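Reading the structure
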Amino acid sequence: MSEAIRKRIRDVIEPMLAADGYDLEDLKVSKAGRRTLVRVLVDRDGGANLDAIAGVSRSLSKALDEAEASGGPFATTSYTLEVSSPGVDRPLNLPRHWRRNIGRLVTVSVGEENTTGRIQAADEQGVELLVSGRTRAIAYEDLGAGRIQLEFSRSAGTEEKEG
């Protein structure tokens, strides 16, 4: 799809998302037969459950329909809208991604080595990881993209034993 259409869609949906406390994580626009497929990935502090995603989808659909009626991006074609939130496989590469995953176990490259630790804190400069019982402060410029490690047996309040 053209970058111009993608920009027009972004211009319609991004202010609405921001007003409701969401970040637009990704926007993909592609052809699906005769229809245009619009995939929107959103996130916010505290996460987004299915009910919240459904509400966002309704709001965005209404806004896109209104934009379409006034010569917007879909004035000449129909579209399908898919709204979702990032899964645990999303790489952590922005400060807000790290902040929203405090308490989770991650693997990340630090320089030439891969490190696994639990995110203790995150701010605009970097993160603190608990690695092998020791807290390690690391600046973002020294980090690669982090990957969340799934834990099936950890319960709330469990202390970190190994990193």
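In what follows, the structure referred to is the one given above.
Heads up: these notes are all about the structure in this document. (Residues numbered from 1 in each chain as written. Predicted model: local features only at pLDDT ≥ 70, side-chain atom pairs only at ≥ 80, totals over all residues. Heavy atoms only, no water.)

Another aspect to go through is the sheet that holds strand E8 (residues 147-148). With respect to topology, five strands assemble into an open sheet ordered E7-E6-E5-E4-E8, the strand pairing being antiparallel. On the outer flanks of this sheet lie strand E7 (134-139) and E8, each paired with one strand and no other. (Pairing = 2+ DSSP bridges. Helix = DSSP H or I, 4+ residues; strand = E, 2+ residues; numbered from the N terminus.)

Another point: the sheet that holds strand E2 (residues 35-43). Spatial ordering of the open sheet is given by E1-E2-E3, a layout of three strands whose pairing is mixed. Each end of this open sheet is capped by a strand with a single partner; those strands are strand E1 (23-32) and strand E3 (79-84). Neighbour-to-neighbour, the strand axes of the sheet open up by a mean angle of 15°, direction not taken into account. Two elements, E2 and E3, share six bridges in a ladder whose sense is parallel. When the bridges of E3 are listed, Leu-37 appears paired with Thr-80. Set on the sheet, helix H1 (residues 3-19) makes contact with E1 and E2; between it and E1 the angle comes to about 145°. Contacts from helix H2 (residues 50-69) reach E2 and E3, with the element oriented near 150° to E3. (Axes fitted to C-alpha atoms, helices over the stretch in contact; angles between N-to-C directions. Contact = heavy atoms within 4.5 Å.)

In this structure, Ile-13, Leu-27, Val-40, Leu-60, Leu-81 and Val-83 are the most contacted members of the largest nonpolar core, which totals 19 residues. Broken down by secondary-structure element, the contributors of at least two residues to this core are H1, E1, E2, H2 and E3. At five residues, H2 tops the list of elements feeding residues into this core. The contact partners of Leu-81, leaving out residues within four places of it in the chain, are Val-38, Val-40, Ser-57, Leu-60, Ser-61 and Leu-64. (Core = buried A, V, L, I, M, F, W, Y, C linked by side-chain atoms within 4.5 Å. Buried < 20%, exposed > 50% of the residue type's maximum accessible area, 1.4 Å probe, protein only.)

What follows concerns the side chain of Thr-115. Mapped onto the fold, Thr-115 is located in strand E5 (residues 113-122). The buried category is assigned to Thr-115, whose relative accessible area is 4%. Residues contacting Thr-115, with those up to four places away along its chain left out, are Val-106, Thr-107, Val-108, Val-110, Val-131 and Arg-136.

With that settled, consider the pattern of salt bridges. The full count for this structure, using the stated rule, is 16 salt bridges. Between Arg-39 and Glu-82 there is a salt bridge, with its nearest N and O atoms 2.8 Å apart. Here Arg-39 is found in strand E2, whereas its partner Glu-82 is found in strand E3, with 43 residues between them in sequence. Taking the relative accessible area as the measure of exposure, Arg-39 reaches 42% and is therefore partly exposed. Here Arg-90 makes a salt bridge to Asp-43, at a shortest N to O gap of 3.2 Å. In this pair, Arg-90 is assigned in the loop between E3 and helix H3 (95-99) and Asp-43 in strand E2, connecting sequence segments 47 residues apart. Each member of the pair, Arg-90 as well as Asp-43, is classed as buried. Here the salt bridges share partners, and the residues they tie into one network are Asp-23, Glu-25, Asp-43, Asp-45, Arg-90, Arg-96, Arg-99 and Arg-100. (Salt bridge = Lys/Arg side-chain N within 4 Å of Asp/Glu carboxyl O.)

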